[in-house]
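Working through the structure, step by step
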Amino acid sequence: MRYFFPIHLDGGNRGCEAIAKGSALLIGAPADQLFGYCRDVALDRRLGLDRYLQLVPCQRESFVVDKSLGLINRLFHTTKTLEARLLYPYRTFLRLMTPQDIMISTGGDMLCYDDNEVIFTNNLLHAQGMKTILWGCSMGPENMTSAKRQTLFNFSLIYTRESLTYNYFRQLGLPNVCLLPDPAFILPDDPCTLPPCFSGDKKVIGLNVSNYVMGGMRLDGRFGQEVLSLIRQILLKTDYHILLIPHVTWNDGRINQDDREMARLIRDHFAPGRISILDIDVLNYCQIRHVISRCHLFIGARTHAVISAYAMCVPTIALGYSIKSRGIALDLGLDAQLVCNCRDFTPGDLLHSFHYLDTHANDIRAHLQALMPDYKQRTYQIREHLAGLLKRD
């Protein structure tokens, strides 16, 4: 039995790294039986992903290199359907599969966005009679399209990572849906050298922000002003140091998701001194998790950065914009004030949430410490669902 991860992409999003590593541990198969579609093999090897699964280089559109074929390229992108264009890079990877293999469709929140390759890779394999699993997912009714509804019924198994998505899918009448924590929760932290801001008895607030919550690579949006206001209050009213912790470095020239750029904008907006940036270029996901574990408090936009804080029992605010943030916090029994909706808020909401976090930090930490061992252990129940899937004709 082999397992294929077409939506792995690469560790330029440390969340993709976390899902791949956590999933490999959950499945429990040797690395030579797991295959990840990879756009940056060198990076993934540096992050240690090759110890968990085989890295299969992505299929490039080779004809775009020849300028004399520019017309062909334009025709390809204008006359082919969305399905054909999105499936094109995956064709060689998917051809490696046999009817005895299982496709693991990761990405977590991929169905929270426009119709995409999760749909088309699943439909293709389903038509060929292969087993497919939607793995560690989140999705709300506001994200539904007709194409998503169809493909959800085509999955052999759906593994939801929080109860809001699970309940929604059950209401849709989807069979074979299970509810378990995100696979990244089970990963350990990997001790590494801490940045200088942790020296002495300083208390550090970890802060991760993304272009999604800030409304682009800018600080002047409505929620950007919320973040800046919070930082001003922290610098003025406390002695905390702020460590900006990027988690995604993707920037393909068309879509810029690089958290490092956002971190630099924030750091440069304030006078030097108590704000610094974690250099994640040399750190893998579990090492970043170790740094987060040493923070007194954490505020995060990227789901898998927030999961690291939860897993290490660090009192946390999730800067959410979809069902995933609310659902995970709800399942952990955290107060609704610890999720700040970056798209539907009243000015001052983030500062109010921070005051609650700071005031109740010890209680929140104790709550997570009591809950987390059993919560993490439940994730391994996916093995029972996998065994049941393999018994099906």
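As shown above, the structure is provided for reference.
Here's what I pulled together on the structure shown here.

Basis of the calculations
- Residue positions are counted from 1 within each chain, in the order its sequence is given.
- Owing to the predicted nature of the model, reporting of local features is limited to residues with pLDDT of at least 70; listing and counting of side-chain atom pairs is limited to 80 or more, with chain, interface and lining totals taken over all residues.
- Side-chain metrics rest on all non-hydrogen atoms present in the structure, leaving aside hydrogens and water.
- Helical segments are the DSSP runs of H or I of at least four residues, strand segments are the runs of E of at least two, and each set is numbered from the N terminus.
- We compute the radius of gyration over the C-alpha atoms and compare it with the globule rule, which gives 2.2 Å times the number of residues raised to the power 0.38.
- For each residue, the accessible area found with a 1.4 Å probe, counting protein chains only, is set against the maximum for its type, and the residue is called buried under 20%, exposed over 50%, and partly exposed in between.
- We call two residues contacting when some pair of their heavy atoms lies within 4.5 Å.
- Here the accessible surface of atoms and residues is derived via Shrake-Rupley with a 1.4 Å probe, and residues count as covered only by protein chains that are part of the display.
- When charges are tallied, Lys and Arg are placed among the positive residues and Asp and Glu among the negative ones, while His and the ends of the chain are skipped.
- A single reference atom marks each charge: NZ on Lys, CZ on Arg, CG on Asp, CD on Glu.
- Pairing between strands is defined by DSSP: at least two bridges between them are needed.
- As a rule, the C-alpha atoms of each element are fitted with a line to give its axis, helices using only the stretch in contact, and angles between N-to-C directions run from 0 to 180 degrees.
- Throughout this description, any angle smaller than 35 degrees is read as roughly parallel, any larger than 145 degrees as roughly antiparallel, any in the 65 to 115 degree range as roughly perpendicular, and the remainder as oblique.
- Relevant arc is that of directions from the helix axis to the C-beta atoms, nothing else.
- If you view the pair so one helix is near and one far, a crossing is left-handed when the near helix is turned anticlockwise from the far one by less than a right angle, and right-handed when it is turned clockwise.
- The salt bridge definition used is simple: a Lys or Arg side-chain nitrogen within 4 Å of an Asp or Glu carboxyl oxygen.
- Here is the rule: rings of Phe, Tyr and Trp (six-membered ring for Trp) pair when centre to centre is within 6.5 Å. Planes less than 30 degrees apart are stacked, more than 60 are edge-to-face, and the remainder are tilted.
- A ring is considered to have a charge above it if a Lys NZ or an Arg CZ atom is located within 6 Å of its centre and within 35 degrees of its normal.

1. Some thoughts on the overall build of the protein chain
- Within the protein chain, the secondary structure is distributed over 17 helices and 13 strands.
- Taking 21 Å as the expected radius of gyration for a compact globule of 393 residues, we find that the protein chain reaches 21 Å, a close match to that expectation.
- Seen along its three principal axes, the alpha-carbon backbone of the protein chain occupies a region of about 60 × 55 × 40 Å.
- Looking at the protein chain residue by residue over its 393 residues, the buried ones come to 58%.
- If you take every contact in the protein chain between residues at least 6 apart in sequence, the share linking residues at least 24 apart comes to 70%.
- Split by element, the accessible area of the protein chain, about 16,800 Å² in all, is 50% carbon and sulfur.
- Each charge class in the protein chain can be summarised by its mean position, and for the 42 positive and 39 negative side chains these summaries are 3 Å apart.

2. Description of the sheet that holds strand β10 (residues 275–277)
- A sheet is described by the order of its strands in space; here six strands give the open sequence β10-β9-β8-β11-β12-β13, paired in parallel fashion. At either end of the open sheet lies a strand with only one pairing partner, and these are β10 and β13 (339–341). Ignoring strand direction, the axes of neighbouring strands in this sheet form an average angle of 20°.
- Of the strand pairs in this sheet, strand β11 (residues 297–300) and strand β12 (residues 316–320) are connected by three bridges, and their pairing is parallel. Each residue of the ladder has a partner; that of Gly300, found in β12, is Ala318.

3. Considering the packing of helix α13 (residues 303–311) against helix α14 (residues 323–331)
- Two elements in contact, α13 and α14, have axes separated by 11 Å at closest approach and are oriented at 10°. Relative to α14, the element α13 is oriented roughly parallel. Together, Thr303, Ile307 and Tyr310 of α13 and Lys324, Ile328 and Ala329 of α14 make up the contact between the two elements.

4. A closer look at helix α15 (residues 349–359)
- Buried residues of α15: Leu350, Ser353, Phe354, Tyr356 and Leu357, and no others. All buried residues of α15 lie within an arc of 160° about the axis, which places them on one face of the element.
- For α15, the elements touching its buried residues are β8 (204–208), α10 (222–237), β11, β12, β13 and α16 (361–378).

5. Considerations on the sheet that holds strand β3 (residues 54–57)
- One open sheet accounts for seven strands, arranged β3-β2-β1-β4-β5-β6-β7; its pairing is parallel. Every other strand in the sheet has two partners, leaving β3 and β7 (177–179) as the edge strands with one partner each. Recorded for the sheet is a direction-independent mean angle of 25° between the axes of neighbouring strands.
- Running at roughly 165° to strand β5 (residues 131–137), helix α17 (residues 382–391) makes contact with β1 (3–9), β4 (102–105), β5, β6 (157–160) and β7 of the sheet.

6. What to know about the packing of helix α12 (residues 285–293) against α13
- Closest axis-to-axis distance for the α12/α13 pair is 9 Å, and the angle between their directions is 55°. Compared by their axis directions, α12 and α13 come out oblique. Here α12 and α13 pass one another in a crossing that is right-handed. Of α13, the residues touching α12 (which contributes Tyr285, Arg289 and Ile292) are His304, Ala305, Ile307, Ser308, Ala309 and Ala311.

7. A short note on unusual backbone geometry
- The phi dihedral of Asn176 is positive, around 55°, even though this residue is not glycine.
- Secondary-structure assignment places Asn176 in the loop between α8 (163–171) and β7.
- Of the residues examined, Asn176 reaches a relative accessible area of 35% and is grouped as partly exposed.

8. Considering the pattern of salt bridges
- Counting across every chain of the model gives 12 salt bridges.
- A salt bridge links Asp281 to Arg260; the nearest nitrogen and oxygen atoms lie 2.7 Å apart. With Asp281 in the loop between β10 and α12 and Arg260 in helix α11 (residues 259–269), this pair connects stretches of sequence that are 21 residues apart.
- Across the pair Asp268 and Arg267 runs a salt bridge, and its minimum N-O distance is 3.0 Å.
- According to the relative accessible area criterion, Asp268 is exposed, its value standing at 53%.
- A relative accessible area of 32% places Arg267 in the partly exposed class.
- Where salt bridges share partners, they join Arg14, Glu17 and Lys21 into one cluster.

9. Quick notes on the packing of aromatic side chains
- Overall, the coordinates contain 10 aromatic pairs when judged by the stated rule.
- Summarising the aromatic geometry, the rings of Phe4 and Phe93 are spaced 5.6 Å apart at their centres and angled 70° between planes, so their arrangement reads as edge-to-face. In this pair, Phe4 is assigned in strand β1 and Phe93 in helix α5 (residues 91–94), connecting sequence segments 89 residues apart. As far as the burial class goes, Phe4 and Phe93 line up, both buried.
- Members of the aromatic cluster, connected to one another through ring pairs, are Phe4, Phe35, Tyr37, Tyr90 and Phe93.
- Arg222 extends its terminal NZ or CZ atom over the ring of Phe345, reaching a point 4.3 Å from the ring centre.

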